[in-house]
Amino acid sequence: MGGGTGSGLGTFVLRLLQEEFPEVHNRFVTAVFPSAADDVVTSPYNSILALRQLTECAEAVIPVENQALQEICDKISRATTAGGEKNSNPIKDGSAISDNHHNTGSKRSEKPFDRMNNVVANLLLNMTSSARFEGSLNIDLNEIAMNLVPFPRMHYLIPGMAPLYSLSVVASQPRRLDEMFNDVFSRRHQLIRADPKQGLYLSCALLVRGKVQLSDIRRNIYRIKPSLKFVHWNSEGWKTGLCSVPPTGQPYSLLSLANNTCIKDTFADLVVRFNRLYSRKAHLHHFMAIDGMEISDFEESVECAKSFISEYTALESQYFQPACTSIPRLRVAEGNMMLS
């Protein structure tokens, strides 16, 4: 989103799909949000403009962040160095994974962003596994959007994964199932710098791959649920999927997609960075040189982001209010009875 091509061309194609194919509702977008150390000067402008288009045209947005991905890759490297690459799970010979893992002559040299891209690829593979493999509780993308998006604008689903691995270190030490359920709700396993436990859950999906029993999934949900804050009108807002085919080199994996109010902190950071530039009208001439671009586009886009933050803040306030609020009508009836 920070670059001009990703934010401009990407959202243009998204709007084109909405206008030309309105009957197709699977407009899922994996958006890379800029980190604080982004080297693109106009990144705040690009991000705020793109955020408005994502809100209006996408069915669901899966946000990831470069800085969070880099931290995950560092975590994978440290775990691999400390524990070695001992894993009894078979890896198919002749595949790109076995070439990388066994250092065969056909190994391709790893590029700087390969590991970060592989983590995002694992996210997409886990999310679409039910469409490619058999399972006792398969779900499709329509069900994800239907169950996790209570309001049309609030369709940002924060991804968390366990175990964490990339293509070059796919044979990492496997985690126990209960540990994986703890991991996907922790801040260190989110693909964006956010802590869902500090926010309010509107809904949550758990997509499991491998030979896992439904009873194990339910048991872990009941075990973890007390530590999570759910909005009172959707306290049972869980969606579970189970695909019987595990990822390569792992006995099972778990992907969580959380519709959580903690995403507002990311939006708020974008607004602050936007205002720093916009208050001085810095670099605006680059955008004004484009046909059809107007200053009102910036103002409307940042207002869209601010309204988002307000809506999420209002939902958070509901968690701290009593479930049963006083009803004025009952007070009036009480007063009439006392007068009579």
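Residues numbered from 1 in each chain as written. Predicted model: local features only at pLDDT ≥ 70, side-chain atom pairs only at ≥ 80, totals over all residues. Heavy atoms only, no water.

The next point concerns the nonpolar core. Among the nonpolar cores identified, the biggest contains 39 residues, and F33, Y45, L54, Y156, F267 and F298 are the most heavily contacted of them. Counting residues per element, the ones that place at least two in this core are β1 (28-33), α2 (43-57), α10 (263-278), α11 (284-288) and α12 (295-319). In this view, L54 contacts M1, L14, V29, A31, V61, H155 and Y156; residues no more than four positions away in its chain are not counted. Counting residues in each nonpolar core, the second largest holds 25 residues, with L69, I76, A145 and L191 among its members. (Core = buried A, V, L, I, M, F, W, Y, C linked by side-chain atoms within 4.5 Å. Buried < 20%, exposed > 50% of the residue type's maximum accessible area, 1.4 Å probe, protein only. Helix = DSSP H or I, 4+ residues; strand = E, 2+ residues; numbered from the N terminus. Contact = heavy atoms within 4.5 Å.)

Our next topic: the layout of surface pockets. In this structure, the largest pocket spans a volume of roughly 420 Å³. Along the walls of the largest pocket sit 17 residues, with S7, G8, T11, L49 and M293 positioned nearest its centre. Put simply, the parts of the chain that give the lining of the largest pocket at least two residues each are α1 (4-20), α2 and α12. Top contributing element to the lining of the largest pocket by residue count: α1, with 6 residues. The residue inventory of the lining of the largest pocket, partitioned by class, reads 6 nonpolar, 7 polar and 4 charged. (1 Å grid on protein atoms, 1.4 Å probe; cavity = no way out; pocket = protein on both sides within 12 Å on 5 of 7 lines; lining within 4 Å. Points joined across faces, edges and corners; volume = space filled by probe spheres on them. Nonpolar A, V, L, I, M, F, W, Y, C, P; charged D, E, K, R; others polar.)

By secondary structure assignment, the location of L16 is in helix α1. You can call L16 partly exposed: its relative accessible area is 38%. Separated by 41 residues in sequence, L16 and C57 place their C-alpha atoms 9.2 Å apart.

Moving on: the packing of aromatic side chains. Each pair of aromatic rings is reported with the distance of its centres and the angle of its planes. Inspection of the entire model under this criterion finds 17 aromatic pairs. Considering the side-chain rings of Y156 and F267, the 5.2 Å spacing of their centres and the 75 degrees angle between planes classify their relative orientation as edge-to-face. Of this pair, Y156 sits in the loop between α7 (141-148) and β3 (158-162) while F267 sits in helix α10, and the two are 111 residues apart along the sequence. When sorted by exposure, Y156 lands in the same class as F267, which is buried. Relative to F298, the ring of Y278 lies with its centre 6.3 Å away and its plane at 20 degrees, an arrangement referred to as stacked. Of this pair, Y278 sits in helix α10 while F298 sits in helix α12, placing them 20 residues apart in sequence. Under the relative-accessibility criterion, Y278 is labelled buried at 12%. Members of the aromatic cluster, connected to one another through ring pairs, are F33, Y156, F267, F308 and Y312. (Phe/Tyr/Trp six-rings, centres within 6.5 Å; stacked < 30°, edge-to-face > 60°.)

Quick look at the pairing of strand β4 (residues 201-210) now. Of all 10 residues making up β4, 10 are buried, and the element is well covered by its neighbours. Note that β4 and strand β6 (residues 252-260) share 9 bridges and pair antiparallel. What sits directly across from S203, in β6, is N259. Pairing of β4 with strand β5 (residues 238-243) involves 6 bridges; the strand directions are parallel. Each bridged residue has a counterpart across the sheet, and for L206 the counterpart in β5 is T240. (Pairing = 2+ DSSP bridges.)

Okay, the side chain of S35 next. With respect to the helices and strands, S35 occurs in the loop between β1 and α2. What makes S35 buried here is its relative accessible area of 11%. Setting aside anything within four residues of it in sequence, one finds S35 in contact with E65, Q67 and R273.

On to the pattern of salt bridges, then. The tally for this structure, following the rule as stated, stands at 15 salt bridges. Note that E300 is salt-bridged to R52, the shortest N-O span being 3.0 Å. With E300 in helix α12 and R52 in helix α2, this residue pair connects regions lying 248 residues apart in the sequence. R52 sits in the buried class, given a relative accessible area of 19%. In this structure, D216 engages R219 in a salt bridge whose closest nitrogen and oxygen atoms are separated by 3.6 Å. Pair noted here: D216 and R219 are both in helix α9 (residues 214-224), with a separation of 3 residues, about one helical turn. The partly exposed category is assigned to R219, whose relative accessible area is 38%. A cluster of three or more residues bridged by salt bridges with shared partners is formed by R15, R52, E56 and E300. (Salt bridge = Lys/Arg side-chain N within 4 Å of Asp/Glu carboxyl O.)

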